Amino acid sequence: MAEKRRKFEPEFREGAVRIVAETGRPLAEVARDLGINETTLASWVSRARRAGADGVAAGRPRSGEREELERLRRENAQLRRDNKELVMERDVLKRCMVLWVK
């Protein structure tokens, strides 16, 4: 007797694809956790990548994400420069304090 095919809501499919894309967990593990067939999940992921639905996982961040990523990189670089300067200032003050105490 043939089994009845299960229907999955689009939100469930998108959520499953996001789990695979964002966590990097293996397809088999995610499929087992969600209670679905590994082949089914693999086809959803493949279809989403072809459609560009999970741009980050496919290597193509969206324009808003790209701008945010650039802003965060600039901010990170500035913070690293500031931190390096503060470390040098602290070291100078430590040396001065040692000389002053003696």
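Residues numbered from 1 in each chain as written. Predicted model: local features only at pLDDT ≥ 70, side-chain atom pairs only at ≥ 80, totals over all residues. Heavy atoms only, no water.

Caption draft 1: Up close: the packing of helix H2 (residues 27–34) against helix H3 (residues 38–51). Two elements in contact, H2 and H3, have axes whose closest approach is 9 Å; the angle formed by their N-to-C orientations is 115 degrees. Remark: the crossing between H2 and H3 carries right-handed chirality. Where H2 abuts H3, its residues Leu27, Ala28, Val30 and Ala31 lie against Glu38, Leu41, Ala42 and Val45. For the contact of H2 with H3, the residue count by class is seven nonpolar, no polar and one charged. (Axes fitted to C-alpha atoms, helices over the stretch in contact; angles between N-to-C directions. Helix = DSSP H or I, 4+ residues; strand = E, 2+ residues; numbered from the N terminus. Left-handed = near helix turned anticlockwise from the far one by under 90°. Contact = heavy atoms within 4.5 Å. Nonpolar A, V, L, I, M, F, W, Y, C, P; charged D, E, K, R; others polar.)

Caption draft 2: Expanded view of a nonpolar patch on the surface. A cluster of nonpolar residues, Met97, Trp100 and Val101, forms a patch on the protein surface that exposes about 400 Å² of accessible area. Following the sequence through the fold, tryptophan 100 ends up in helix H4 (residues 63–101). For tryptophan 100, a relative accessible area of 67% corresponds to the exposed category. (Patch = residues over 30% accessible without salt bridge, like charges linked within 9 Å, V, L, I, M, F, W, Y side chains within 5 Å. Areas by Shrake-Rupley, 256 points an atom, 1.4 Å probe, with all protein chains shown as cover. Salt bridge = Lys/Arg side-chain N within 4 Å of Asp/Glu carboxyl O. Buried < 20%, exposed > 50% of the residue type's maximum accessible area, 1.4 Å probe, protein only.)

Caption draft 3: Geometry of the pattern of salt bridges. In this structure the tally under the stated criterion is seven salt bridges. Across the salt bridge formed by arginine 25 and glutamate 29, the nearest N and O atoms sit 3.0 Å from each other. The exposure class of arginine 25 is partly exposed, given its relative accessible area of 28%. Residue aspartate 91 pairs with arginine 90 through a salt bridge whose shortest N-O separation is 3.2 Å. Since its relative accessible area comes to 43%, arginine 90 is described here as partly exposed.

Caption draft 4: Just the nonpolar core, in detail. Within the largest apolar cluster, 11 residues are counted, these being Phe8, Ala16, Val17, Val20, Val30, Ala31, Ile36, Leu41, Trp44, Val45 and Ala48. Put simply, the parts of the chain that give this core at least two residues each are helix H1 (10–23), H2 and H3. Counting residues per element, this core draws most heavily on H3, at four residues. Setting aside residues no more than four positions away along its own chain, tryptophan 44 makes contact with Phe8, Phe12, Arg13, Ala16, Val17 and Ile36. (Core = buried A, V, L, I, M, F, W, Y, C linked by side-chain atoms within 4.5 Å.)

Caption draft 5: Local environment of a positive patch on the surface. A surface patch of like charges, here positive, comprises Arg5, Lys7, Arg13, Arg47 and Arg50. With respect to the element layout, lysine 7 can be found in the segment before H1. (Lys, Arg positive; Asp, Glu negative; His and termini not counted. Charge placed at Lys NZ, Arg CZ, Asp CG, Glu CD.)

Caption draft 6: Just the packing of aromatic side chains, in detail. According to the stated counting rule, one finds three aromatic pairs in the structure shown. On the numbers, 5.2 Å between centres and 75 degrees between planes, the contact of phenylalanine 8 with tryptophan 44 is edge-to-face. One end of the pair, phenylalanine 8, is in the segment before H1; the other, tryptophan 44, is in helix H3, with 36 residues separating them in the sequence. Residue classification places tryptophan 44 among the buried positions, given a relative accessible area of 6%. Here phenylalanine 12 and tryptophan 44 contribute two aromatic rings whose centre-to-centre distance is 6.1 Å and whose plane-to-plane angle is 90 degrees, an arrangement assigned as edge-to-face. Highlighted residues: phenylalanine 12 in helix H1 and tryptophan 44 in helix H3, separated in sequence by 32 residues. Taking the relative accessible area as the measure of exposure, phenylalanine 12 reaches 31% and is therefore partly exposed. Put simply, the rings of Phe8, Phe12 and Trp44 pair up and form one aromatic cluster. (Phe/Tyr/Trp six-rings, centres within 6.5 Å; stacked < 30°, edge-to-face > 60°.)

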